[in-house]
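Here is how the chains run, residue by residue.
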Protein chains: 2
Amino acid sequence: MTIAIIPVPGVPMVTEGMPLAEVVGDALAAARVGLKDGDVVAVCQKVVSKAEGALAVLAEVEPSAFADTLAAQGEMARDARVLEVVLRESARIVRNDRGHLITETHHGYVCANAGVDQSNGVAEGVLTLLPRDPDRSAEELRRDLADRFGSAIGVVVTDTFGRPWREGLVDVAIGCAGLPPLIDHGGTLDLGGRELRHTVMAFADQIATAAGLVMEKGAGIAVAIVRGARWTPAPPGAGGAKRLVRGAEFDLFR
Amino acid sequence: MTIAIIPVPGVPMVTEGMPLAEVVGDALAAARVGLKDGDVVAVCQKVVSKAEGALAVLAEVEPSAFADTLAAQGEMARDARVLEVVLRESARIVRNDRGHLITETHHGYVCANAGVDQSNGVAEGVLTLLPRDPDRSAEELRRDLADRFGSAIGVVVTDTFGRPWREGLVDVAIGCAGLPPLIDHGGTLDLGGRELRHTVMAFADQIATAAGLVMEKGAGIAVAIVRGARWTPAPPGAGGAKRLVRGAEFDLFR
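Attention here is on the structure that accompanies the text. Once a new chain begins, its residue numbering starts again from 1 and follows that chain's sequence as written. Written order decides the labels, with chains lettered from A and ligands numbered from 1. For a predicted model such as this one, the threshold for reporting local features is a pLDDT of at least 70, and the threshold for listing and counting side-chain atom pairs is 80 or more; totals across whole chains, interfaces and linings nevertheless cover every residue. Water and hydrogen atoms were dropped before computing side-chain values, which therefore reflect all heavy atoms in the structure.

### Section: the nonpolar core
- Within the largest apolar cluster, 126 residues are counted, with the highest numbers of intra-cluster contacts made by A:V41, A:V156, B:V41 and B:V156.
- Two residues form a contact once any of their heavy atoms are found within 4.5 Å. Sequence-distant contacts of A:V41, that is, excluding residues within four places in its chain, are made with A:V24, A:L35, A:L145, A:I153, A:G154, A:V155, A:V156, A:V223, A:A224 and A:I225. Put simply, buried Ala, Val, Leu, Ile, Met, Phe, Trp, Tyr and Cys residues joined by side-chain atoms within 4.5 Å make one nonpolar core. Throughout, exposure labels follow a simple rule: accessible area from a 1.4 Å probe, protein chains only, divided by the maximum for the residue type, with under 20% read as buried, over 50% as exposed, and the rest as partly exposed.

### Quick word on the sheet that holds strand β6 (residues 110-112) of chain B
Residues and elements named next belong to chain B.
- The pairing criterion is simple: DSSP has to find at least two bridges between the two strands. Helix and strand assignments follow DSSP, with helices taken as H or I runs no shorter than four residues and strands as E runs no shorter than two, numbered in order from the N terminus. Strand order in this open sheet of 3 strands is β4-β5-β6, and the pairing throughout is antiparallel. Each edge of the sheet is formed by a strand with only one pairing partner; in this case those strands are β4 (90-97) and β6. Adjacent strand axes in the sheet meet at a mean angle of 25° when their direction is disregarded.
- Bridge analysis of β4 against strand β5 (residues 100-105) gives 6 bridges, and the strand direction is antiparallel. Bridge pairing in β5 links N96 to L101.
- Against the sheet, helix α4 (residues 80-88) touches β4 and β5, its axis set at about 130° to β4. Fitting a line to C-alpha atoms yields each axis, with helices limited to the stretch in contact; the angle taken between N-to-C directions then spans 0 to 180 degrees.

### Let's talk about the interface of chain B and chain A
- If you look at the interface, chain B gives 76 residues, while chain A gives 76 residues.
- Buried surface area refers to the total accessible area, computed with a probe of radius 1.4 Å, that the two partners give up upon joining, counted for both partners together. Contact between chain B and chain A buries roughly 6,900 Å² in total, counting both sides, with carbon and sulfur atoms accounting for 58%.
- Here a salt bridge means any side-chain nitrogen of Lys or Arg lying within 4 Å of a carboxyl oxygen belonging to Asp or Glu. Put simply, chain B and chain A have 6 salt bridges between them.
- For the salt bridge of A:E167 with B:R246, the shortest nitrogen-to-oxygen distance reads 3.5 Å.
- N or O atoms within 3.5 Å of each other form a polar contact, as long as, within protein, one can give a hydrogen and the other can take it, and as long as residues adjacent in sequence are counted only when both atoms are side-chain atoms. Counting across the interface, chain B meets chain A through 16 residue pairs in polar contact (both at pLDDT 80 or more).
- Only β1 (3-8), β4, β5, β8 (154-163), β9 (166-177), β10 (183-189), β11 (196-201) and α6 (203-212) of chain B provide two or more residues apiece to the side of chain B that touches chain A.
- Here the side of chain B that touches chain A takes 8 residues from β9(B), the largest share from any one element.
- Among the residues making up the side of chain B that touches chain A, the classes are represented as 39 nonpolar, 14 polar and 23 charged. Residues were grouped as follows: Ala, Val, Leu, Ile, Met, Phe, Trp, Tyr, Cys and Pro as nonpolar; Asp, Glu, Lys and Arg as charged; and all remaining residues, including Gly, as polar.

### Focus on the relation of the copies chain B and chain A
- Copies are brought into register by a least-squares superposition over C-alpha atoms of residues with pLDDT of at least 70 in both. Between chain B and chain A, the superposition needs a rotation of 180° and an axial shift of 0.0 Å, giving an RMSD of 0.0 Å. This pairing of chains is accounted for by a two-fold axis.
- Of all interface residues in chain B, 100% are interface residues in chain A too; the two copies therefore contact each other through one and the same surface.

### A short note on the packing of aromatic side chains
Residue and element names in this part refer to chain A.
- Only Phe, Tyr and Trp rings are paired, with Trp represented by its six-membered ring, and only when their centres lie within 6.5 Å; those with planes under 30 degrees apart are stacked, over 60 edge-to-face, the remainder tilted. Considering all chains together, one arrives at 2 aromatic pairs over all chains under this definition.
- The interplanar angle of 65° and the centroid separation of 6.4 Å between the aromatic rings of Y109 and F161 together place this pair among those described as edge-to-face. Placement of Y109 in the loop between β5 (100-105) and β6 (110-112) and of F161 in strand β8 (residues 154-163) is noted, with a sequence separation of 52 residues between them. F161 matches Y109 in its accessibility class, with the two residues each being buried.

### Considerations on the sheet that holds strand β4 (residues 90-97) of chain A
Residues and elements named next belong to chain A.
- Read from one edge of the open sheet, 3 strands run β4-β5-β6, paired in antiparallel fashion. Of all strands in the sheet, those with a lone pairing partner are β4 and β6, marking the two edges. Across this sheet, the average inter-strand angle for adjacent strands is 25°, counted without regard to direction.
- Relative to the sheet, helix α4 (residues 80-88) contacts β4 and β5, its axis offset from that of β4 by approximately 130°.

### Thoughts on the environment of A:A54
Residue and element names in this part refer to chain A.
- Along the chain, A54 falls in the loop between α2 (45-52) and β3 (55-57).
- Sequence separation of A54 and T128 is 74 residues, and the distance between their C-alpha atoms is 6.1 Å.
- If we skip the residues at most four places from it in the chain, A54 touches S49, L127, T128, L129, L130 and P131.

### Description of helix α1 (residues 20-30) of chain B
Residue and element names in this part refer to chain B.
- Listing the buried residues of α1 in full gives L20, A21, V23, V24, G25, A27 and L28.
- The inward-facing, buried residues of α1 abut β1, β2 (40-44), α2 (45-52), α5 (134-149) and β12 (223-227).
- Downstream of α1 by one or two residues, R32 has phi in the positive range, about 55°.

### Remarks on the pattern of salt bridges
- Applying the stated criterion across every chain yields a total of 30 salt bridges over all chains.
- One network of salt bridges, in which partners are shared, links A:D133, A:D135 and A:K242.

### Here we look at the side chain of A:T160
All names here are of chain A.
- Its place among the elements puts T160 in strand β8.
- Under the relative-accessibility criterion, T160 is labelled buried at 18%.
- Within the structure, the side chain of T160 is placed 2.5 Å from the side chain of D171, a separation counted as a polar contact.

Structure follows, in structure tokens:
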């Protein structure tokens, strides 16, 4: 079955406190896209963070000594308050080199600057953070949009991450609801062994990356629908994008 | 613009020496999908490898001492000949633990077992390898399909890889032609600094991952078309998926 990746135009600049499900639902209705059973709504992280007020006001940030130290490194001085915000969002520093900070967030995601970013539509001196609980954000959107359109849908909250070993960025899922984050396509015998090796695809990431093809930077598309993908609704409590975080003890690539 | 990910059924079991462009072209024609300007043809690695005879016959493999050593590790014995094939395909061992081998291939790709795999449609005791030069494989397919259908198209050769830090597999590009492997969406000022940070998306990987949504294991779909993505043809010599390999010296995640 052909899958359609449908950009949803007409989502206004989102600000703190805006009812995101209503805003997205209105854009879907206005674009005559609607929602059908099996659709996945992909929403970029920044609009979720703005609506939820996951923001940091630089003028209110007092840098720690370590943030001051980091700020003086690299080829050009950086704002110690920005680095303080990044540190507060981080559970672990993965790499700290050449003025760049790759950290693991409190959710377990490994990305540049703990996902802290500047963004259009927030005031100068205000940074966007990752949502506190992106799986809950996705679930709230899913529930409200499913109610409004009467459809069994999934929601994925996407962000644009770099990757080890490979150049370029792709969008991945940092939150999801309604759909299975992982889909097991069954086992095959391991190479030369007797071990059953399962092909488990990162379905929520596949959706996020596909949606990213129409959610280009600068194109102003913050929402997309992926229609026609094959999946069965995940029961409540099946786990969100948190399940995409691989524990260090299972990570053969580390 | 909506993007369509179109599965192409009817590609027969590919064997060594089969003219892949003709086989894929016939399937496209039979499915009445054809090819239009801007289409990207995604082809899974295994059919490319089989057509090109990128195979290893286990009975002809003499394991080295190190392959024998590896074979005795892990919880269950593995076939030393399989491990010898993996070692021959590898430039570097990234991780060797619990009976698993993560290696860097001679192309520079980091993946399990250097991409060596068992596969349907090859005889018992025969393994598929990654194509010698997947960018050249992609370029040959692109040229022949572009000639036949009179369209400016791209081709991506896909494989299913695991990733550090994240659970589950996604399809990535190991070869591409006609399209830019990376697309620069322009610069924004770096966080708190004055450095222009470019948003460079791994376009060929985005296409591969999106196509993977219809190229499920077991579904028997080895070819898909991604129609409607926004890209401009890459000039010859613009570089293929090799450009997606990040040099260790630039890899902040390592």
